[in-house]
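These are the residues of each chain, in order.
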Amino acid sequence: MQPTEPPAPLSLLGRNDDGRRFLTGALGEFRGVTSTPPDRPPFLVTKEHRRFAEFADTVRRHRYIGVCWGPPGVGKTLSARHYAGTDDWGQWQRALAAGKNTDPGPVPAAVLSARTALWTPTVTATAKEIDQALPRACQQISWALDYHQHGHVDPLMHPESAASGLTELLIVDEADRLKTVGLEQVRDYYDRHHMGVVLIGMPGVERRLARYPQLYSRIGFAHEYRPLSPDELTAVLTRRWHTDGLATAPGAEVPDFFRTVGPK
Ligand SMILES: Nc1ncnc2c1ncn2[C@@H]1O[C@H](COP(=O)(O)OP(=O)(O)OP(=O)(O)O)[C@@H](O)[C@H]1O
Ligand SMILES: [Mg+2]
């Protein structure tokens, strides 16, 4: 009897199909990702950001849950976005979604090196929405790595990225919004995957988490995000003063805080 050829791996992709719909969310059941985001101020790498990046690296390496808290407006969200490469990622996804014949260029280096999904629950997120949003956020990063490596995304051909296997860290911003059930869902997701999780919230979130023993027992690292130093604050404000066009506005006067806190 002739030896039979092993069956070719199944593919979901058609001819001339690189599976980019998996990366842009254009699958029909998802909303697209083509809307243009609001302008964000340019990011300044501060000492607090470097501390945050070290913390996130540690959580990711050890695949623990980490909790990060800090007062409003100190830069937690910007730090997390910068760490995960979220802005580059959004821009790349929009380029990808622009059309089949467009070349979006390589997957952004920040996404490839961070392997991090950033997810922000909406204020009224239901249990069902959370159940869908968590895997979706993580799966996209896993697929982005597939796309980088193989030039296409095919969930059947590259099972290593199935179940978000290539995503190493999930950052949940505004974790205070999660109610008991939502926190339990995050814990359950963490238990069923091999990735670290960072929960970012306001001061007090760490005390609230302590009331959930099963979640709390998985927290390996805690990090306080401190306010910017006066020098860094002056640098951020100076930059905003210029990027927001205030410095060149007719009749613009140099605000008092620049005179009292630092130069310009
Ligand atoms: N490193 C930074 N570079 C540039 N701007 C910064 C930086 N850190 C903070 N800012 C400024 O502070 C604002 C608030 O930052 P961000 O939204 O990240 O704060 P937050 O800590 O997440 O606040 P909240 O707890 O309210 O969510 C930004 O819009 C930006 O103008
Ligand atoms: Mg924030």
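Residues numbered from 1 in each chain as written. Chains lettered and ligands numbered in written order. Predicted model: local features only at pLDDT ≥ 70, side-chain atom pairs only at ≥ 80, totals over all residues.

**What about the sheet that holds strand E5 (residues 219-224)?**
Strand order across the open sheet formed by five strands is E2-E3-E4-E1-E5, with parallel pairing between neighbours. Edge positions in the sheet fall to strand E2 (116-119) and E5, since each has one partner strand and no second. Here the strands of the sheet are splayed against their neighbours by 15 degrees on average, with no regard to which way each runs. Judged from the five bridges that link them, strand E1 (residues 65-69) and E5 form a sheet pairing that is parallel. The residue of E5 that forms the bridge with Trp69 is Glu224. Of the strands in this sheet, E1, strand E3 (169-172), strand E4 (196-201) and E5 touch helix H2 (residues 47-62), which is tilted by about 175 degrees from E5. (Pairing = 2+ DSSP bridges. Helix = DSSP H or I, 4+ residues; strand = E, 2+ residues; numbered from the N terminus. Axes fitted to C-alpha atoms, helices over the stretch in contact; angles between N-to-C directions. Contact = placed C-beta atoms within 7 Å.)

**A word on the nonpolar core**
Counting residues in hydrophobic clusters, the biggest one holds 47 residues, and the most contacted among them are Ile171, Val172 and Val198. No other element matches the eight residues that helix H6 (residues 127-150) contributes to this core. Among all residues touching Val198, those that are not within four sequence positions of it are Ala56, Val59, Gly66, Cys68, Leu169, Ile171 and Val172. (Core = buried A, V, L, I, M, F, W, Y, C linked by C-beta atoms within 7 Å. Buried ≥ 20, exposed ≤ 12 C-beta atoms within 10 Å, placed from the backbone.)

**What about the pairing of E1?**
Burial within E1 is extensive, with five of its five residues counted as buried. Bridge count for E1 against E4 is five bridges, and the pairing is parallel. What sits directly across from Val67, in E4, is Leu199.

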